[in-house]
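A structural walkthrough
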Amino acid sequence: MSTPGDYSAVRKDIASLLHQPGYDDGSAGPVLVRLAWHSSGTYDYETDTGGSNGAGMRYEAEGGDPANAGLQHARVFLEPVKAKHTWITYADLWTLGGIVAIQEMGGPEIEWKGGRTDYVDDSKLPPRGRLPDGAQGADHIRFIFYRMGFSDPMIVCLSGAHTLGRCHSDRSGFHGAWVNNPTRFSNTYFRLMLTRNWKEKVLDNGVRQFVYYDEDAEEELMMLPTDMALLSDPSFRPWVELYAKDKERFFADFAKVFSKLVELGIERDEAGKVTNADNFRGGYHS
Ligand code: DDH
């Protein structure tokens with residue numbers, strides 16, 4: 001147990017659980033980043049529903065969304081941290097987990113503030129279908145991300161998170177990692193996207209993705225159809241080119257936009273205190 005509000009103690013414990021020799025590429029980091037993103041990425045500005053407040057993934061309606069398949073691993077990784085620091089909300093823990101993981105994997109420091117609530121009002125739960133479908137194209141990507149309030153450059157920047165982790169046939173149906181070293185945060189995703197000869201491949205399960213065989217690593221790397229859409233779309237592509245050649249710029253922009261992502265639906269006063277935790281979803285006081 002730590003003092004309530006001692007987020008640095010929580011950060012330390014998250015950092016020390018990232019090394020997981022028996023899991024994927026030896027790190028819990030990438031799946032923690034995806035948990036932070038999927039917690040937040042259901043937000044809809046128009047109806048003020050979804051987002052990380054409420055930690056709705058604890059319940060079947062959101063947790064059982066096929067788009068969230070596999071994220072139970074991330075939640076299980078974080079359970080000992082919750083057990084030790086019982087005062088932290090799941091909504092805060094799941095977003096902070098991604099932030100700490102990115103930094104520990106060599107990425108930028110990202111501003112993060114606590115105060116999210118775990119209270120859930122069913123009427124404010126996001127419907128399924130709010131998260132992107134990798135089989136689709138640029139129109140779909142815009143539909144999903146404009147709903148959260150992101151612009152084209154921000155969409156490309158956020159997509160750079162695919163330098164981390166991998167696709168799992170038993171989760172999304174897609175297969176493989178985007179880069180050779182998927183536990184190191186970098187701009188490699190953009191560089192490979194631009195410079196390699198990606199070929200369409202239909203997997204045994206009928207899922208279509210793009211692949212490139214890396215001779216040095218003796219590994220087949222992959223891109224989703226949505227990743228390739230960033231390359232073919234005239235408004236997205238210049239940002240792929242910029243981030244491929246300017247790693248510093250990518251890191252700086254990513255820090256800003258990821259911080260915006262985990263704040264979706266959270267209202268704060270000037271001191272940073274969350275103002276919609278008490279009345280969020282029906283007048284709950286913790
Ligand atoms: Fe993603 N992502 N993502 N993604 N994502 C997958 C894995 C990871 C899409 C589809 C998939 C973002 C945007 C998109 C991460 C972070 C982020 C997988 C594979 C699919 C499919 C899941 C599996 O089989 O385990 C699509 C489509 C989009 C889009 O349209 C833009 C964003 C914005 C982020 C972010 O973090 C900001 C990470 C990390 C992973 C690796 C997870 C893992 O377990 O490893």
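Summarised in this report is the structure supplied together with it.

1. Re the site of the ligand
Close to the ligand lie 25 residues; His-162, Gly-165, Arg-166, His-168 and Ser-172 are nearest. Here an oxygen atom of the ligand and a side-chain polar atom of His-168 are 2.6 Å apart. More than half of the atoms of the ligand fall within 2 Å of the grid points belonging to the largest pocket. Sorting the residues of the shell around the ligand by element identifies α2 (29-40), α7 (152-159) and β1 (166-167) as the ones contributing at least two each. Here the shell around the ligand gets 5 residues from one element, more than from any other, and that element is α2. Across the shell around the ligand, the residue classes tally to 14 nonpolar, 7 polar and 4 charged. There are two domains that each give the shell around the ligand at least three residues, and those are domain 1 (7-131 + 262-283) and domain 2 (138-254).

2. Description of the packing of α7 against helix α10 (residues 237-245)
The contact between α7 and α10 brings their axes to 9 Å, and the two run at 45°. Our classification of the angle between α7 and α10 gives oblique. The element α7 and its partner α10 pack so that their crossing is right-handed. Within the contact between the two elements, α7 uses Pro-153, Val-156 and Cys-157 and α10 uses Trp-239, Val-240 and Tyr-243. Here the residues of the contact of α7 with α10 sort into 6 nonpolar, no polar and no charged.

About the cut-offs
Residues numbered from 1 in each chain as written. Predicted model: local features only at pLDDT ≥ 70, side-chain atom pairs only at ≥ 80, totals over all residues. Heavy atoms only, no water. Near = heavy atom within 4 Å. Polar contact = N/O pair within 3.5 Å; in protein donor to acceptor, adjacent residues only side chain to side chain. 1 Å grid on protein atoms, 1.4 Å probe; cavity = no way out; pocket = protein on both sides within 12 Å on 5 of 7 lines; lining within 4 Å. Sits in = over half its atoms within 2 Å of the grid points. Helix = DSSP H or I, 4+ residues; strand = E, 2+ residues; numbered from the N terminus. Nonpolar A, V, L, I, M, F, W, Y, C, P; charged D, E, K, R; others polar. Domains from an automatic or database assignment. Axes fitted to C-alpha atoms, helices over the stretch in contact; angles between N-to-C directions. Parallel < 35°, antiparallel > 145°, perpendicular 65-115°, else oblique. Left-handed = near helix turned anticlockwise from the far one by under 90°. Contact = heavy atoms within 4.5 Å.

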